[in-house]
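A closer look at the structure
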Amino acid sequence: MCVDMASANFLPSEDQFLCSVCLDVFTHPVTTPCGHNFCKKCINDYWDTNNQNMCPMCKKVFTSRPELLVNTFMSEMVSQFRQSAELQEMIQKRRLKIQEVKHKVELSEEDADREKAEGVQVFTDLKESVERKLNELINTIEEKQRTTKKQAEDSIRELEQELSELMKRSTEVEKLSLSEDHLHLLQSVQALNIHHPPPTKDWSEVSVPPASYEGTVRRAVSQLEETLSKKIKKLVEVELKRVQKFAVDVTLDPQTAHPQLILSDDRKQVNDSDVRKNLPDNPERFSCLCVLAKQSFSSGRFYFEVQVKEKTEWTLGVTRESINRKGPISLSPQDGIWTLCLRNGNEYKAAAGAPVLLSLKSGPQKVGVFVDYEEGLVSFYDVEAAALIFSFTGCSFKEKLLPFFSPLLNDGGKNSSPLIISPVNQTP
């Protein structure tokens, strides 16, 4: 076979390129006088070990160690075989990558279809709720108008009856006034009892007030808002269950902890000791009261939970690896840190450059932190209430992210409780 014609499709099988000593592809193949091929190192080691110049293949014994000639043809064939094998491996890796990408696209399409279906269902329910509330509002207004109209019609009907009676009496009185028969006039007046007109209502105190619609629309919208809040809560519950599936095991890194912090033996708890320990000022260690997780993330999604129960102040979140560790930290996404803070016992803030003051119905006992690296998303959840506290969106992550913890000062025992990295209880 011409060497130039050798290719991945024409090369002999791998067995023909295996050294019978090391059972691997030839390295620097040489040929013995009996015509068998070996790795140069393998045949020399074989002869050194056995103290006998014998061919491992045909057992031919040489009186002296023969000169080993480099098998240039075999070297070329082995080189092409190796190249072919590498190409085949590269081809296989790319085929597998194509399958992987296709599979991810299929999963993405399934997720998209499921999300669209859920979205259609949610907005259909909302649309039906809005239409139902609108119909109820219209019916309420129309019922009030019908009641007002009926009151008016009843009053008009009664007034018309009285008016008819009065006009009838007026006509009779007018006729009498024209009569010249005084005896008949007297008898008629006595019969009509003209000095005592028929009983009528005092209409001066009677009115038909217009229907009051003040607050009707507002109340209807408030009811709709309550319905919407319930639906949002259910959506967040589902969302929280989904992100909890990306839970990771997070432990604190003592090499980054400020010397005043106390870390538990299992590296899951941290609190302030009020006493600065004598620790080496290594480059990783913070000069402010915080600590990072040992784990870092540069892709994908991850989630962890931290118990903040009985604390009056704390800061939680994630930070880029290159955050300044030897000076004050600016809690700002522009400086590569995304955090949620509690101050003064009840002031919850999202550190978004200009702090965003959050209005929470109750303080969370356990905070869930979720990060989607590619999406540029950092979300904080009240785990027990299954409520979304705040989300940073449109973030640009360009380096490793690490979970960030600051229990803040002990404050004379008021804030002595530790931050505790808790196991995630995933509900089905």
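Values in this document were obtained by computation on a predicted structure and should not be read as measured data.

1. Details of the pairing of strand S10 (residues 347-351)
Pairing of strand S9 (residues 337-343) with S10, which is carried by 5 bridges, proceeds in the antiparallel orientation. The residue bridging cysteine 341 from the neighbouring strand is lysine 349, located in S10. The loop that links S9 with its antiparallel partner S10 comprises 3 residues; one of these, asparagine 344, has a positive phi angle of about 55°. In terms of strand pairing, S10 meets strand S11 (residues 356-358) through 3 bridges, oriented antiparallel. Across the sheet, residue alanine 350 finds its bridge partner in S11, namely valine 356. The hairpin formed by S10 and S11 contains 4 residues between the paired strands, and glycine 353 there has a positive phi angle of roughly 80°.

2. Some words on the packing of aromatic side chains
Between two aromatic rings, the relevant description is the distance of the centres plus the angle of the planes. Summed over the entire model, instances satisfying the criterion amount to 10 aromatic pairs. Considering the side-chain rings of tryptophan 338 and phenylalanine 397, the 5.0 Å spacing of their centres and the 85° angle between planes classify their relative orientation as edge-to-face. One end of the pair, tryptophan 338, is in strand S9; the other, phenylalanine 397, is in the loop between strand S14 (387-392) and strand S15 (401-406), and 59 residues separate them in sequence. Residue tryptophan 338 is classed as buried on the basis of its relative accessible area, which comes to 6%. Taken together, the ring pairs in this structure connect Trp338, Tyr373 and Phe397 into an aromatic cluster.

3. Some thoughts on helix H1 (residues 40-50)
Along an α-helix, a turn takes 3.6 residues, which lines up residues three or four apart on a common side. Along H1, the residues that are buried comprise Cys42, Ile43, Tyr46 and Trp47. In an axial view of H1, the angular spread of the buried residues amounts to 130°, which keeps them on one side of the axis. Structural note: H1 exposes Lys41 and Thr49 on the side pointing more than 90 degrees away from its buried face. Contacts made by the buried residues of H1 are with strand S1 (29-31) and strand S2 (37-39).

4. Re the environment of lysine 268
Tracing the backbone through its elements, the reader meets lysine 268 in the loop between strand S4 (261-263) and strand S5 (269-272). The buried category is assigned to lysine 268, whose relative accessible area is 18%. Along the backbone, lysine 268 and proline 418 are 150 residues apart, and their C-alpha atoms lie at a distance of 9.6 Å. For lysine 268, the residues in contact, after removing those within four places along its chain, are Asp249, Val250, Thr251, Leu252, Leu419, Ile420 and Ile421. Within the structure, the side chain of lysine 268 is placed 2.7 Å from the backbone oxygen of valine 250, a separation counted as a polar contact.

Scoring rules and cut-offs
- Residues numbered from 1 in each chain as written.
- Predicted model: local features only at pLDDT ≥ 70, side-chain atom pairs only at ≥ 80, totals over all residues.
- Heavy atoms only, no water.
- Pairing = 2+ DSSP bridges.
- Helix = DSSP H or I, 4+ residues; strand = E, 2+ residues; numbered from the N terminus.
- Phe/Tyr/Trp six-rings, centres within 6.5 Å; stacked < 30°, edge-to-face > 60°.
- Buried < 20%, exposed > 50% of the residue type's maximum accessible area, 1.4 Å probe, protein only.
- Arc of directions from axis to C-beta.
- Contact = heavy atoms within 4.5 Å.
- Polar contact = N/O pair within 3.5 Å; in protein donor to acceptor, adjacent residues only side chain to side chain.

Scope: geometric values only; no functional claims are made or implied.
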